[in-house]
Amino acid sequence: MKRQLSLKKLSGTSFLLGLEVITCVQVLLAGIVKLQAILGKWRPRLRILGSNVPSVDILIPVCKEPLDLIQDTVRATLHLDYPQNRYRVIVTDDGKSALLKSWVEQLARRYPSLYYTSRDSKGDWKAGNLNHAIKFAESLPGGRAEYLAGLDADMIPERKWLRAVVPHMLQNPKAGVVCPAQLFYNVPKNDPLVQSRLREWRCTNIVGDLTGNGWNLGSGWVIRPEVLEKIGGFSGHSLVEDVYSTFLMQAEGYETIYLTEALQFGLVPTSYSAHLNQFTRWYIGGAQIFFRFNGFLDGRKTKKMPLLTRIMGFQDGIWAHFNCHLNTITWFLTPFFFLSNTNMAYWRDENEMLLLLRLHCAITLLRYAHNYIHGLLSGYRVSMHTQMIAYMMPYYSIVWLRSFILPKSLGGKVTSFIPTGVVVSPIHEREASRRAPVLQRLRHILIDCGAWLHLVTALAFVICVGIHVNRATGAYPPTNDGRRLLFINLIQTIGWPSHPWFINAIACLGPLRYALFPPDVPPRESFFGKKDANDVRYITQGEKKSTCTSGFYSPWEFGYVQLYTLFMIYVAVLFVLSWLI
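Calculation notes
Residues numbered from 1 in each chain as written. Predicted model: local features only at pLDDT ≥ 70, side-chain atom pairs only at ≥ 80, totals over all residues. Heavy atoms only, no water. 1 Å grid on protein atoms, 1.4 Å probe; cavity = no way out; pocket = protein on both sides within 12 Å on 5 of 7 lines; lining within 4 Å. Points joined across faces, edges and corners; volume = space filled by probe spheres on them. Helix = DSSP H or I, 4+ residues; strand = E, 2+ residues; numbered from the N terminus. Nonpolar A, V, L, I, M, F, W, Y, C, P; charged D, E, K, R; others polar. Pairing = 2+ DSSP bridges. Patch = residues over 30% accessible without salt bridge, like charges linked within 9 Å, V, L, I, M, F, W, Y side chains within 5 Å. Areas by Shrake-Rupley, 256 points an atom, 1.4 Å probe, with all protein chains shown as cover. Salt bridge = Lys/Arg side-chain N within 4 Å of Asp/Glu carboxyl O. Buried < 20%, exposed > 50% of the residue type's maximum accessible area, 1.4 Å probe, protein only. Disulfide = S-S within 2.5 Å.

1. Thoughts on empty space enclosed by the protein
- For the structure shown, the criterion picks out three cavities of 30 Å³ or more.
- One number sums up the size of the largest cavity: a volume of about 70 Å³.
- As for the largest cavity, its lining consists of Trp-347, Met-353, Leu-354, Leu-357, Phe-487, Ile-488, Ile-491, Leu-574, Leu-577, Ser-578 and Ile-581.
- Of all the secondary structure elements, the ones that give two or more residues to the lining of the largest cavity are helix 12 (350–378), helix 17 (480–493) and helix 21 (560–580).
- A class-by-class count of the residues in the lining of the largest cavity yields ten nonpolar, one polar and no charged.

This is the structure we're talking about:
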């Protein structure tokens, strides 16, 4: 009986060990890419001056977004600091809105460089809409412009946008695409769902560009048309046609550039359901890219793609198709490990125990140091808070199963592109005047949006830890040796530093906290200054500064970041104690 129990415990530990091995492979590959960033050259800020500038066709793909939102983007685009006769604005409408068409055509009487188009046959989502707009541009007088550019319906460009992006294309004939950062002016206070993406803007994407892996992020981009033509236009084979086009260009030997400048400001999804729609779409799109390039291991697919890009694509695929789901499984299994008294580590004697404890503490602290270094660029709270996105793991695993594994009879479903702006929340949780009652909010987020999984998991963590502590306390005598053995048992089971179930439990409670205490976000109009003589309005300087400097965090907020920091203090104390025992 003891032999069977030992094997059972060992099987649980072996699973955790396997997860650590896969995680280490992913971290090692990511580290190889990041180390190369040290040798990279920081991208300078350039400006093209005067009126002798390349022509640009600016595409604004829309699909049933609110009219006033599209109007702000179009008006701002019509008044760029760029010669009016050197760019055209094309609103390409997959929603076939008669109201939008009428407004654009009326405005076009004043601005002859403004055009409206829509297609009769749908297909390939946003990619198809963009390809249609490109064909439309080719049919205009003078044909297609020298460069193509794109803005999302909600992204309001700064007046200097084209003058800041175009010179990078002129300076580098091998550049296929140049894309600036995306910033969002309506991020709720304390960013409860981790939507700001400031860490990506200030750190992750910079590292990518330093290693030759700058991505087209979907808005604000400028593309060389002949390069886009060479890769067959925007492809509908991935839900993230922008990122996919980046890899296709690199496979053809072209460079892709990311700019750190704040040149556009847009909206994050304004509800929990819209947020899930956006993030799961991005996740599935990335997983599709891994398959399209055969894991980035097939030279027939990767062609001229740089080695670092292939390594990055491969390690992203490991996370999307393996690590992500193993983490989800670990979430659900860990409470049962506690109940079965499964050890997180095994050792032969006390010396080996201390060695293992020091190693695992050191690894955990090094991971913290890695995140801290990210924080030097993005801000400490931004860097640490970004890890709370772990609450999305179960959603990623479910949508992955439905998209790639399950047949339709068992819930399988091809994930499609649903424009974020058309996802309407039935509970209006961020509008104080329209917010649904708390029970309705709980039902929508816990039941309709599936966050009951998070609540059950968090409760299972707490209950099973309580049961384990109670059992362990009763199993050892109240003597010095007994207390010492109890301490070792608790460290070996629920307190092992490299398996922070406590932090995962806090992340699990994120959706519940959001349902109970949703943030108040003011109306969109409150973020803007007054309209100018041309009926154009921009985000106020104060809001821009807040957006760029993570000013939406409250200094008195006590939540995930503070608890994560406390856990790191615990690990540091444990590390010191391991040398003093």
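This is not the end of the story, as more comes after the structure.
2. Focus: the sheet that holds strand 9 (residues 255–259)
- Read from one edge to the other, the open sheet built from seven strands follows the order 3-2-1-4-8-6-9, with strand pairing classed as mixed. The outermost strands of the open sheet, each flanked by one partner alone, are strand 3 (114–117) and strand 9.
- In this sheet, strand 3 lies alongside strand 2 (residues 87–93) in parallel orientation, the contact comprising four bridges. Opposite Val-89, over in strand 3, you have Leu-114 as the bridge partner.

3. Some points on a nonpolar patch on the surface
- Residues Phe-487, Phe-558, Leu-566, Ile-569, Val-573, Val-576, Leu-577, Trp-579, Leu-580 and Ile-581 make up a contiguous nonpolar surface patch of about 1000 Å² in total accessible area.
- Here the element with the most residues in the nonpolar patch is helix 21; it accounts for seven residues.
- Here Val-576 is to be found in helix 21.
- Assessed through its relative accessible area of 47%, Val-576 is described here as partly exposed.

4. Some details on the layout of surface pockets
- Of the pockets and cavities examined, the second largest pocket occupies roughly 530 Å³.
- Forming the boundary of the second largest pocket are 20 residues, of which Asn-277, Thr-280, Val-399, Arg-402 and Lys-413 lie nearest the centre.
- Of all elements in the fold, only helix 9 (272–292), helix 14 (393–405) and helix 16 (452–475) reach the threshold of two or more residues within the lining of the second largest pocket.
- Within the lining of the second largest pocket, the residues separate by chemical class into ten nonpolar, seven polar and three charged.

5. A look at the pattern of salt bridges
- Summed over all chains, the structure comprises 23 salt bridges.
- Two residues, Arg-75 and Asp-535, come together in a salt bridge whose shortest N-O distance is 3.3 Å. A residue pair is termed long-range when its members are at least 10 positions apart, and Arg-75 in helix 2 (residues 67–78) and Asp-535 in the loop between helix 19 (510–516) and helix 20 (541–548) qualify at 460 residues.
- Using a relative accessible area of 30% as the deciding quantity, one classes Asp-535 as partly exposed.
- With a shortest N-O distance of 3.5 Å, Arg-144 and Glu-138 are connected by a salt bridge.
- On the basis of relative accessible area, Arg-144 is assigned to the partly exposed category, the value being 30%.

6. Side note on the state of the cysteines
- Evaluation of the coordinates by the stated rule reveals zero disulfides.
- Considering cysteine sulfurs only, Cys-508 is the nearest to Cys-324, which forms no disulfide, with 13 Å between them.
- Using a relative accessible area of 0% as the deciding quantity, one classes Cys-324 as buried.

7. Some thoughts on the sheet that holds strand 7 (residues 183–184)
- Pairing within the open sheet is mixed, and its three strands lie in the order 5-10-7. Here the strands that pair on one side only, and so sit at the sheet edges, are strand 5 (156–157) and strand 7.
- Here strand 7 runs beside strand 10 (residues 264–266); their pairing, made up of two bridges, is parallel. Among the inter-strand pairings, Phe-184 is bridged to a residue of strand 10, identified as Gly-266.

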